[in-house]
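Coordinate inspection notes
Okay, here's what each chain looks like letter by letter:
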Amino acid sequence: KIMPTELTQLLADVRVNRYGLFSLTSIPEILKRIGNRGVSFTMMQYCVTRMGLTIDEDVLRQSFDMMDKNNDNCLSASEFVSGFKIMVQSFLPEIILQETGMTISQILPKLVQLVFTLSLM
């Protein structure tokens, strides 16, 4: 297993996007650095925290357990990539709402207006 201090060093120069998330294109590099050791729950917590996400520990643990198909308490590269994609898709809308300071009821009219404008083109 990778210790948190080692993980900090491994991910120190991995850039995050404007939402504070590791981009999907950076995942192969992260996995390459981690090697065959896999991703533990502690490592996943660190990644989520580093991305500035606030996810309840119980919810994160449930997500981790769902991703860990073989129940070895360590995510393989394929488990991590497939699960990470699902997590980002689940939490990204909430992050966007937080970053913009808008509610869904504020965004919907703008979205409808945008779709209508694009349909006229």
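You'll find the structure just up there.
Below: a short report on this structure. (Residues numbered from 1 in each chain as written. Predicted model: local features only at pLDDT ≥ 70, side-chain atom pairs only at ≥ 80, totals over all residues. Heavy atoms only, no water.)

This part covers the pattern of salt bridges. For the structure on display, the rule yields one salt bridge. Notably, a salt bridge pairs Asp65 with Arg61, separated by 3.4 Å at the nearest N-O pair. Remark: Arg61 and Asp65 occur in helix 4 (residues 57-67); sequence separation between them is four residues, near one turn of the helix. Overall, Arg61 belongs to the partly exposed group, its relative accessible area being 31%. (Salt bridge = Lys/Arg side-chain N within 4 Å of Asp/Glu carboxyl O. Helix = DSSP H or I, 4+ residues; strand = E, 2+ residues; numbered from the N terminus. Buried < 20%, exposed > 50% of the residue type's maximum accessible area, 1.4 Å probe, protein only.)

Take helix 4 next. Considered for burial, the residues of helix 4 that qualify are Leu60, Ser63, Phe64 and Met67. The arc enclosing the buried residues of helix 4, seen along the axis, measures out at 100°, which places them on a common side. Among the exposed residues of helix 4, those oriented more than 90 degrees off its buried face are Asp58, Gln62 and Met66. (Arc of directions from axis to C-beta.)

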